[in-house]
Amino acid sequence: MIKFENVTVCYNPNARHPDHAVEDINLQIEKGEWVFFVGHSGAGKSTLIKLLHGSAHTAPHGISINGKVLLEGRDITHLPAREVPFLRRKIGVIFQDFQLLPQKTAWENVAFALRVIGAPQQRIAREVPRALETVGLLHRAQARPSELSGGEQQRVAIARAIVNEPHLLLADEPTGNLDPETAAGIAAVLERINAERGTTVIMATHDHHLVDTLQRRVVRLRDGHIISDEEHGIYHPEDDIKPSPEDNESALEEVVAIKPKTDSGETPFGGESLQNEAPLGTPENPIPQFNRPKGQP
Amino acid sequence: MEILGFWIRETSSNIARNRLMCLLAVSTVTICLFVLGAFYFAWGSLQSQIGAQTHKIDLRIILEPSISDSRRDEIFKAAHIPQVASVTLVTKEEALKQLTSDIKDFPVTDLEKNNPLGDELHIQLKDPSQIFKVRNYLTSVKGVQKTLAPQEDNVVKMLLEVNHFVKVAGIVALLILGLGILLIIHNAIRLTIFARRHEIRIMGLVGATPWFIRIPFLMEGLIYGLAGAIIAALLLLAVFLPITHTNTPLLQVLIPANADSILRSGLAWIILAGVCFGFFGSWLSLSRSIGRAVQA
């Protein structure tokens, strides 16, 4: 079981304007569950993944973490650096860019995860084919990443993540580089792992097709806060887009600019003068909303 | 055993993949260690020659002619201070015999009855630079007529100063050269780590401990240092061995009698230095780079 208790993460805490990545997160994920973290870029999805993987502490300008992150009852919030490798052996992780070693074959890439933790050869010989078979790539075991398609490379990455039989599988945008059909194939592989091995899967994604198809638990984040947590959720990416204060100000200026007052109190477009309108921002006269992603011109 | 096999495979595949880098590192270490070895040999020879001169500096203590045998024995014992390597007693009879053998026409008949010479103590020093201190001490001892040194004071002083300067300059130069080699290996390993940062990151992601990741790089540094040192040692042997056995008069003056042993000890030092530089050069690179790469 995974538990976030009042977790607040702040990057660059000593700066004049610290960056609060997540604030006051409370979340519980049961063993064997499948959870999507969705939200716009910077919403805090990857920070939660990093907290679970023990890689949040190395932010270049420092980090402050308040609250508690519990994994199987153990507090991993401030794990000493020497214990992080042993935590990671219980967790599989996959990324958008696969992170495979180009000079090694699919087999060697998967075996690498066992070799670096000092697993005996017999175990490597037993577990590697099993993992490759689970992802349907046993027949491509001797191919190098450059000889594999994007979907196949991601499958090798999944095989590497599960070869150590982790309790938890973290996936950070695993289908971000794949077409919808291939992404569906990856999702099917992950579903099988979740169902057959009972591995908890936590996936941060923007892929609404994937989320809508699987109808699993969806935790929606916005600006570091959980704004919804649905058991069988779907994902509307357009809900993530919200106007920034700058957008509102420019919208106000735009409204004023296109409605200059005439001497008669009318606008050139035949509308009523601003003097006769309800104040901007009230239900009678709302500020126009723009579906424009944050930060874009 | 499997872990050791993994490390050896990783190290060898790493060297094979970065052949140019490896060649560059080994050849740089070779050149630096060759220069270091050549300098050590030249410095060792010079120091040996100067040292041989300074060790010729010894003290002669002339005792008063009327001294009693018991007082003479007391002074003989008192001369055995920590700075002194050996004390030899030359009685006045032996001194006279020496004089007559040195000067054949010397009329000794009268002198044998009434010997004007005093007993002498010949003192060999452990450290020639202590000559003035020992001389002052022995001059103050009752029963000592005077002390004699084979050279003039200013000659002794100059010889000792040159010896000291060569020793210090040699140590400083060796340290500077050593530091240079350390930095070269440090840089070579840093470049290797940079080239393999992707692999190191993956090792970290799947739970390898920082020590597990470090060891192949330490082995690599060790191999660079050792290979460079062995090649440098062979080159030094090829260049300097003929010189130590030369018959050329000029070189015979410059090369000390113990040149062979200087060369042999130099080669042992070069191998040891190569191993140490390789190990510590890579250690320096790893302490920070690996941590950053693993946790990124």
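Residues numbered from 1 in each chain as written. Chains lettered and ligands numbered in written order. Predicted model: local features only at pLDDT ≥ 70, side-chain atom pairs only at ≥ 80, totals over all residues.

## Here we look at the overall build of chain B
Reasoning step 1: Along chain B, the regular secondary structure elements total 11 helices and four strands.
Reasoning step 2: Relative to its 296 residues, chain B shows a buried fraction of 30%.
Reasoning step 3: Sequence separation of 24 or more characterises 88% of the internal contacts of chain B that already satisfy a separation of 6 or more. (Helix = DSSP H or I, 4+ residues; strand = E, 2+ residues; numbered from the N terminus. Buried ≥ 20, exposed ≤ 12 C-beta atoms within 10 Å, placed from the backbone. Contact = placed C-beta atoms within 7 Å.)

## Overview of the overall build of chain A
Reasoning step 1: Regarding its fold elements, chain A presents eight helices and 10 strands.
Reasoning step 2: For chain A, the proportion of contacts with a sequence separation of at least 24, taken over those separated by at least 6, is 67%.

## Points about the confidence of the model for chain B
All names here are of chain B.
Reasoning step 1: Looking at chain B as a whole, the pLDDT averages 80, with 87% of positions reaching at least 70.
Reasoning step 2: At the low end of the mean pLDDT range in chain B sits helix 5 (residues 109–113), at 67; at the high end sits helix 9 (residues 210–244), at 88.
Reasoning step 3: Overall fold confidence (pTM) sits at 0.66, and the ipTM for the predicted complex is 0.71. (pLDDT = per-residue confidence, 0-100.)

## Let's talk about the environment of A184(A)
Reasoning step 1: The residue A184(A) is located in helix 6 (residues 180–197) in this model.
Reasoning step 2: Taking C-alpha positions, A184(A) is 8.9 Å from T213(A), a pair spaced 29 residues apart along the chain.

## Topic: the nonpolar core
Reasoning step 1: One finds L52(A), V110(A), A159(A) and L33(B) to be the most contacted residues of the largest nonpolar core, which totals 115 residues.
Reasoning step 2: Looking at which element gives the most residues to this core, the answer is helix 9 of chain B, with 13 residues.
Reasoning step 3: Excluding anything up to four places from it in sequence, L33(B) contacts I181(B), G228(B), A229(B), A232(B), I270(B), A273(B) and G274(B).
Reasoning step 4: Within the second largest apolar cluster, 13 residues are counted, among which are L121(B), I131(B), V134(B) and L138(B). (Core = buried A, V, L, I, M, F, W, Y, C linked by C-beta atoms within 7 Å.)

## Quick look at the confidence of the model for chain A
Parts of the prediction with low pLDDT should not have their coordinates interpreted in detail.
All names here are of chain A.
Reasoning step 1: Within chain A, residue pLDDT values average 81, and 78% of them lie at 70 or more.
Reasoning step 2: Note on residues 254–281: pLDDT under 50 across the span, and 22 contacts to partners over four residues away in sequence or across chains.
Reasoning step 3: The low-confidence segment residues 287–297, where pLDDT is below 50, has 18 contacts with residues more than four positions distant or belonging to other chains.

## Points about the environment of L170(A)
Reasoning step 1: Its place among the elements puts L170(A) in strand 7 (residues 168–172).
Reasoning step 2: The residues touching L170(A), leaving out its near neighbours within four places in the chain, are I49(A), L52(A), H53(A), I91(A), V93(A) and I202(A).

## Comments concerning the sheet that holds strand 6 (residues 91–95) of chain A
Residues and elements named next belong to chain A.
Reasoning step 1: Taken in spatial order, the six strands line up as 6-7-8-3-9-10 in an open sheet, and their pairing is mixed. In this open sheet, the two edge strands, each paired with only one partner strand, are strand 6 and strand 10 (225–230). Averaged over all neighbouring strand pairs, the angle between strand axes comes to 15°, with direction disregarded.
Reasoning step 2: Looking at chain direction, strand 7 and strand 8 (residues 200–205) are connected through five bridges and run parallel. Following the sheet pairing, L170 is matched in strand 8 by I202.
Reasoning step 3: In this fold helix 1 (residues 45–53) packs onto strand 3 (34–38), strand 6, strand 7, strand 8 and strand 9 (217–222), with an angle of close to 145° to the strand it touches most, strand 7. (Pairing = 2+ DSSP bridges. Axes fitted to C-alpha atoms, helices over the stretch in contact; angles between N-to-C directions.)

## What about helix 3 (residues 106–115) of chain A?
Reasoning step 1: Taken across its 10 residues, helix 3 of chain A has nine buried, putting it largely inside the fold.
Reasoning step 2: Within helix 3 of chain A the residues assigned to the buried category are A106(A), W107(A), N109(A), V110(A), A111(A), F112(A), A113(A), L114(A) and R115(A).
Reasoning step 3: Summarising the contacts, the buried residues of helix 3 of chain A are in contact with helix 4 (121–134) and helix 5 (150–162) of chain A together with helix 1 (2–17) of chain B.

## Side note on the interface of chain A and chain B
Reasoning step 1: The partner chain B presents 14 residues to the 16 residues of chain A that form the contact.
Reasoning step 2: Put simply, the parts of the chain that give the side of chain A that touches chain B at least two residues each are helix 2 (84–88) and helix 3 of chain A.
Reasoning step 3: Of the residues belonging to the side of chain A that touches chain B, the class tally is eight nonpolar, five polar and three charged. (Nonpolar A, V, L, I, M, F, W, Y, C, P; charged D, E, K, R; others polar.)

## Focus on the packing of helix 3 of chain A against helix 4 of chain A
Residue and element names in this part refer to chain A.
Reasoning step 1: Relative to each other, helix 3 and helix 4 sit at 125°, their axes nearing to 9 Å. The angle between helix 3 and helix 4 falls in the class oblique. For the element pair helix 3 and helix 4, the recorded crossing hand is right-handed. Residues A106, W107, V110, A111, L114 and R115 of helix 3 lie in contact with helix 4, whose contacting residues are R123, I124, E127, V128, A131 and L132.
Reasoning step 2: Its residues assigned to classes, the contact of helix 3 with helix 4 shows nine nonpolar, no polar and three charged. (Parallel < 35°, antiparallel > 145°, perpendicular 65-115°, else oblique. Left-handed = near helix turned anticlockwise from the far one by under 90°.)

## Considerations on the pairing of strand 3 of chain A
All names here are of chain A.
Reasoning step 1: Most of strand 3 is tucked away, with four of its five residues classed as buried.
Reasoning step 2: By the bridge criterion, four bridges tie strand 3 to strand 9 in an arrangement that is parallel. By the bridge assignment, V38 is partnered in strand 9 with R220.

## Some details on the pairing of strand 9 of chain A
All names here are of chain A.
Reasoning step 1: Relative to strand 10, strand 9 runs antiparallel, the two being bridged by five bridges. Paired with V218 across the bridge in strand 10 is E230.
Reasoning step 2: Hairpin connection, strand 9 to strand 10: the antiparallel pair is bridged by two residues, and D223 has positive phi, about 50°.

## A short note on unusual backbone geometry
All names here are of chain A.
Reasoning step 1: One non-glycine residue, E173, adopts positive backbone phi at about 50°.
Reasoning step 2: One non-glycine residue, D223, lies in positive phi territory at about 50°.
Reasoning step 3: Looking at the element boundaries, D223 is found in the loop between strand 9 and strand 10.
Reasoning step 4: A residue is classified by how many C-beta atoms lie within 10 Å of it, and D223, with 16 of them, is partly exposed.

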